[in-house]
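Here are the chains, one letter per residue:
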Protein chains: 2
Amino acid sequence: MSQHSRRLPYGDGRDALLAAVIDVVAEKGLRGVTYRAVAARAGVNHTLVTHHFGSIEGLLAATMEWAVQRSIEETGLAGIADFDEGFADSLMATVSAEPELQLFQFEMLLESRRNPKILAMVERLYKTYVGTVEEALSQRGLDTTGEASLAIFAALDGLMLQFLTITDPAKIRSAVIQVGKLVSGLLNSSDASGESRRPATTS
Amino acid sequence: MSQHSRRLPYGDGRDALLAAVIDVVAEKGLRGVTYRAVAARAGVNHTLVTHHFGSIEGLLAATMEWAVQRSIEETGLAGIADFDEGFADSLMATVSAEPELQLFQFEMLLESRRNPKILAMVERLYKTYVGTVEEALSQRGLDTTGEASLAIFAALDGLMLQFLTITDPAKIRSAVIQVGKLVSGLLNSSDASGESRRPATTS
DNA sequence: GGGAAAACTATACAGATGTAGAGTTTTGGA
DNA sequence: TCCAAAACTCTACATCTGTATAGTTTTCCC
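Computed from a prediction, not measured in an experiment: that's the story for all the values here.

1. A short note on the packing of aromatic side chains
Residue and element names in this part refer to chain B. Counting across every chain of the model gives eight aromatic pairs over all chains. Relative to phenylalanine 153, the ring of tyrosine 126 lies with its centre 5.3 Å away and its plane at 85 degrees, an arrangement referred to as edge-to-face. Pair noted here: tyrosine 126 is in helix α7 (residues 116-139) and phenylalanine 153 is in helix α8 (residues 148-163), with a separation of 27 residues, a long-range link. Per residue, the accessibility class of tyrosine 126 equals that of phenylalanine 153, and both read buried.

Printed below as a string of structure tokens:
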């Protein structure tokens, strides 16, 4: 079914291109990102990419900017306050909702080594994520020096990466819950006398 | 200065191509992997790629096969038995020794979504890694049900990914050490809670 | 030492890709 | 209403890329 049915509304080309990048990367990887492939997916002429973004690099940077903004606004880690099973499910649900978007961000993480603009955006994104974890740990009265937040976030990040690629959801879910237990363990070891395994009800 | 100085010894072309792939991916990403780019780096004619590997996909698969074998043999996580500071330094040293190789494996992890052959190899690699962690945890008498090994490995994996891209070594080092402390915490909490304590046979 | 097989090169070409330039459509404001 | 700017398309072309084919060099082994 060739669906060149209706043209996009005037002014929607730019956004359509950004969305198309996510899809093309998910389907064919960065190797598949060409002016024509992206434009075809977006339903516009391939020269429109140059008009809006100047180059493929510019297109990728703009797409990442867009993706980062969305991720930060949605703060997928919002429900992180409690590290219980509900948290695990909500985290996985967030990633499952838009796997292509997450995949794209991982691609850009690797790309950041070769592109300063991308690097800056990835740094911003990751600092936001780690900051969110840090906040959650602090609320539980945990010592957040020594990069505990970074360690916890890296565990979740690594698990989501595997979730999106090679490891089945059930195992990932268990492992995410384990991360929650590790946090509890951190609480115990820093507060040696604590008997209260149950976190105090929301204050 | 054209430096077509010395040709490769006869029979070395294949290996030279594999090594070249790692370099090209590190420098230009998967987008930069073309017959000519890889062949030029290896110092051979670009048609040699087809002769040995059939296609770019075949070339990437063969390179991954080679990379996985090396990683498994070296077992970069060998010194994982103790989760102390020495372990952190040795882990980072291993990754630092050949960052391009690690980067390539992360690229292939993402690629595994679109390539069954790559998927099989990445699965093998990750199972080996998780298995190594599991062994280390068992030796400490820890309960390894519930995917604790997967969680711990994911933390280290996620940290190495950041180490290779956006986060400075000092922070990574601290975080890796934190992972070690989390393992200790796991030990405490499994004793303290007595929830699902299955004694591991330390035979 | 001779011949087949494997490794490798040379060349040529079709199709894909990036890019330039000129033209068309739509929007929005004076 | 009109016009300038922005959004967008069309076409053309040079370059890059993959691939086929034929030929050369080296190795291996009987």
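The structure having been displayed, the exposition proceeds.
2. Looking at the protein's contact with DNA strand D
If you check the shell around DNA strand D, you find 19 residues, and the closest are A:Tyr10, A:His52, B:Tyr10, B:Arg36 and B:His46. Backbone atoms, meaning sugar plus phosphate, form 48% of the atoms of DNA strand D positioned within 4 Å of the protein. Within the side chain of A:His52, an N or O atom sits 2.7 Å from a phosphate oxygen of DNA strand D. At a separation of 2.6 Å, a base nitrogen of DNA strand D approaches a polar side-chain atom of B:Arg36. Elements that contribute at least two residues to the surface near DNA strand D include exactly α1 (13-28) and α3 (47-53) of chain A together with α2 (35-42) of chain B. Looking at the surface near DNA strand D element by element, the count peaks at four residues for α3(A). Looking at side-chain class alone, the surface near DNA strand D contains five nonpolar, nine polar and five charged residues.

3. Topic: the relation of the copies chain B and chain A
In screw terms, the move from chain B to chain A is a rotation of 180 degrees and a rise of 0.0 Å along the axis, fitting with an RMSD of 0.1 Å. Those values place the two copies in the arrangement expected of a two-fold rotation axis. By C-alpha distance to the rotation axis, the residue of chain B lying nearest is B:Ala155, at 1.7 Å.

4. A closer look at the confidence of the model for chain A
Residues and elements named next belong to chain A. Looking at chain A as a whole, its pLDDT mean stands at 89, while 86% of the residues score no less than 70. Segment residues 1-5: pLDDT under 50, and zero contacts once partners within four positions in sequence are set aside and those in other chains are kept. Segment residues 191-203: pLDDT under 50, and four contacts once partners within four positions in sequence are set aside and those in other chains are kept.

5. Some points on the interface of chain B and chain A
Taken together, the 53 residues of chain B in the interface contact 51 residues of chain A. Interface area for chain B against chain A, summed over the two sides, is near 4,400 Å², with a carbon-plus-sulfur share of 66%. The tally of links between chain B and chain A comes to two salt bridges. Residue B:Glu107 is joined to A:Arg114 by a salt bridge in which the shortest nitrogen-to-oxygen separation is 2.7 Å. Scanning the region where chain B abuts chain A turns up 14 residue pairs in polar contact (both at pLDDT 80 or more). Looking at the side of chain B that touches chain A, the elements with two or more residues in it are α1 (13-28), α6 (99-111), α7, α8 and α9 (169-193) of chain B. By residue number, the principal contributor to the side of chain B that touches chain A is α9(B), which donates twelve residues. The residue inventory of the side of chain B that touches chain A, partitioned by class, reads 29 nonpolar, 14 polar and ten charged.

How each quantity is defined
- Residues numbered from 1 in each chain as written.
- Chains lettered and ligands numbered in written order.
- Predicted model: local features only at pLDDT ≥ 70, side-chain atom pairs only at ≥ 80, totals over all residues.
- Heavy atoms only, no water.
- Phe/Tyr/Trp six-rings, centres within 6.5 Å; stacked < 30°, edge-to-face > 60°.
- Helix = DSSP H or I, 4+ residues; strand = E, 2+ residues; numbered from the N terminus.
- Buried < 20%, exposed > 50% of the residue type's maximum accessible area, 1.4 Å probe, protein only.
- Near = heavy atom within 4 Å.
- Polar contact = N/O pair within 3.5 Å; in protein donor to acceptor, adjacent residues only side chain to side chain.
- Nonpolar A, V, L, I, M, F, W, Y, C, P; charged D, E, K, R; others polar.
- Least-squares fit on C-alpha atoms with pLDDT ≥ 70 in both.
- pLDDT = per-residue confidence, 0-100.
- Contact = heavy atoms within 4.5 Å.
- Buried area = accessible area lost by both parts, 1.4 Å probe.
- Salt bridge = Lys/Arg side-chain N within 4 Å of Asp/Glu carboxyl O.

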